[in-house]
Amino acid sequence: MRWLWFQRTDHTCSWASLPQPQEKLVQAMFNNSITVQIGNGQRSFFWTDKWINGHSIQDIALALLKAITPQTRRKRTVAQGLPNNAWAQDITGALTVQVLIDYLLIWDLIRQGGFTLSNDEPDTFRWKWTSDGKFTTASAYNAFFVGQHALPGAKQLRRTKAPGRCKFFLWLAMHDRCWTAARRKRHNLQDNDACNLCDQQPEEISHLLLSCVFARETWFLVLRRCNLQQLTPQPASPDFFEWWSHCRKQIAKELRKGFDSLVVLVGWLLWKERNQRVFQRNSMTVRELVSLILDEAMIWTHAGHTQLFALLPELLLRSYSANLNGRDLFLV
Ligand SMILES: [Zn+2]
């Protein structure tokens with residue numbers, strides 16, 4: 001977009017006239033981001049630029065614009081189209097009632113606007129996303145993303161240190177794309193939507209990972225080992241990622257990285273336990289699952305996720321003990 005701006009406003013540079021690959025979206029965004037004050041009309045485009053009192057013909061007369069060939073739309077300058085109403089010659093499409101209405105509207109607007117070309121003054125472009133009308137890359141980025149809201153939890157998930165497959169699972173959970181029983185029922189794939197962990201509530205992903213009685217007991221036993229049992233989710237806990245964001249603000253900064261990894265680990269293993277029950281007909285007790293979580297946490301620390309040590313110092317002992325056992329076995 002920066003090059004488009006320079007191409008229109010700084011044609012003294014040698015590269016300004018080089019052909020540029022154009023993406024439709026970027027071009028449309030650019031056209032909507034500038035307004036033109038007509039000077040000699042040589043750098044403003046008659047059909048696409050906003051030169052009629054801050055509006056373009058696309059804004060005012062869409063049917064008329066569709067009666068112009070795309071090539072003419074892109075190339076016709078105001079200097080070419082305005083004198084003697086030469087623009088009327090560009091109309092090659094069918095003259096429907098709406099096209100004629102649009103034609104008369106544009107005719108009146110141009111006549112009433114009293115647009116005259118000045119040979120001495122170049123066209124002036126104004127960037128509408130900054131107060132001084134000058135282009136900045138930051139304002140262009142902000143304009144592109146205006147109205148978009150970040151998903152709660154997306155940023156912290158991106159920064160969390162954990163194996164990719166586990167983070168990918170939580171990313172799907174964040175978008176409610178996991179095939180839980182409730183989702184399968186919504187898609188008419190099964191009749192029963194009961195949770196596979198507690199058999200009491202519909203199996204939504206937030207229920208499964210957070211408010212399910214099985215999940216809450218698991219969280220309690222794991223968090224108690226970190227002295228964070230007060231963060232155990234409640235039956236009425238909100239969305240999983242809201243709970244995660246809320247909890248990480250309650251704990252010391254130096255523990256947050258470990259906590260983030262632990263959240264991904266527990267969420268991932270709760271989901272795996274659910275799948276074991278569905279597909280393998282095997283089930284673990286809460287205490288067995290907690291033991292598995294600690295074993296897996298130790299493996300993660302060996303894989304480099306050492307931030308878990310700060311949260312679960314007992315992993316150091318487990319790790320040391322495992323090393324000792326390994327050495328003993330080796331010596332034997
Ligand atoms: Zn449940």
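The structure we're discussing is the one just above.
The rules behind the values
- Residues numbered from 1 in each chain as written.
- Predicted model: local features only at pLDDT ≥ 70, side-chain atom pairs only at ≥ 80, totals over all residues.
- Helix = DSSP H or I, 4+ residues; strand = E, 2+ residues; numbered from the N terminus.
- Buried ≥ 20, exposed ≤ 12 C-beta atoms within 10 Å, placed from the backbone.
- Contact = placed C-beta atoms within 7 Å.
- Core = buried A, V, L, I, M, F, W, Y, C linked by C-beta atoms within 7 Å.
- Pairing = 2+ DSSP bridges.
- Axes fitted to C-alpha atoms, helices over the stretch in contact; angles between N-to-C directions.
- Parallel < 35°, antiparallel > 145°, perpendicular 65-115°, else oblique.
- Left-handed = near helix turned anticlockwise from the far one by under 90°.
- Nonpolar A, V, L, I, M, F, W, Y, C, P; charged D, E, K, R; others polar.

Chemist: An account of the overall build of the protein is needed here, citing residue identities and associated values.
Modeler: The helix and strand tally for the protein stands at 18 helices and 2 strands. By residue count, 30% of the 332 residues in the protein fall in the buried class. For the protein, the proportion of contacts with a sequence separation of at least 24, taken over those separated by at least 6, is 58%.

Chemist: Describe the nonpolar core, listing the residues and the values that go with them.
Modeler: In this structure, Leu208, Leu209, Ala215, Leu265, Val266 and Ile293 are the most contacted members of the largest nonpolar core, which totals 43 residues. Listing elements by their share of this core, those giving two or more residues are α10 (164–174), α11 (181–186), α12 (205–211), α13 (213–224), α14 (240–250), α15 (253–280), α16 (286–302) and α17 (307–311). Counting residues per element, this core draws most heavily on α15, at 10 residues. Those residues within four positions of leucine 265 in sequence are excluded, and the remaining contacts are Ala162, Cys166, Ile293, Glu296, Ala297 and Trp300.

Chemist: I'd love a proper account of the pairing of strand β2 (residues 124–127), names of residues and values included.
Modeler: In β2, alternate side chains face the same way, and those of Phe125 and Trp127 are buried while those of Thr124 and Arg126 on the opposite face are not. Bridge count between strand β1 (residues 34–37) and β2: 4 bridges; the pairing is antiparallel. Paired with valine 36 across the strands is phenylalanine 125, a residue of β2.

Chemist: Residue-level account of the packing of α15 against α16, with values.
Modeler: Look at α15 against α16: their axes get within 10 Å of each other, and the N-to-C directions meet at 130°. When the interaxial angle is binned, α15 and α16 end up oblique. Considering the relative orientation of α15 and α16, their crossing is right-handed. On α16, the residues that touch Ser261, Leu265, Val266, Leu269 and Glu273 of α15 are Leu289, Leu292, Ile293, Glu296, Ala297 and Trp300. Residues of the contact of α15 with α16, tallied by class, amount to 8 nonpolar, 1 polar and 2 charged.

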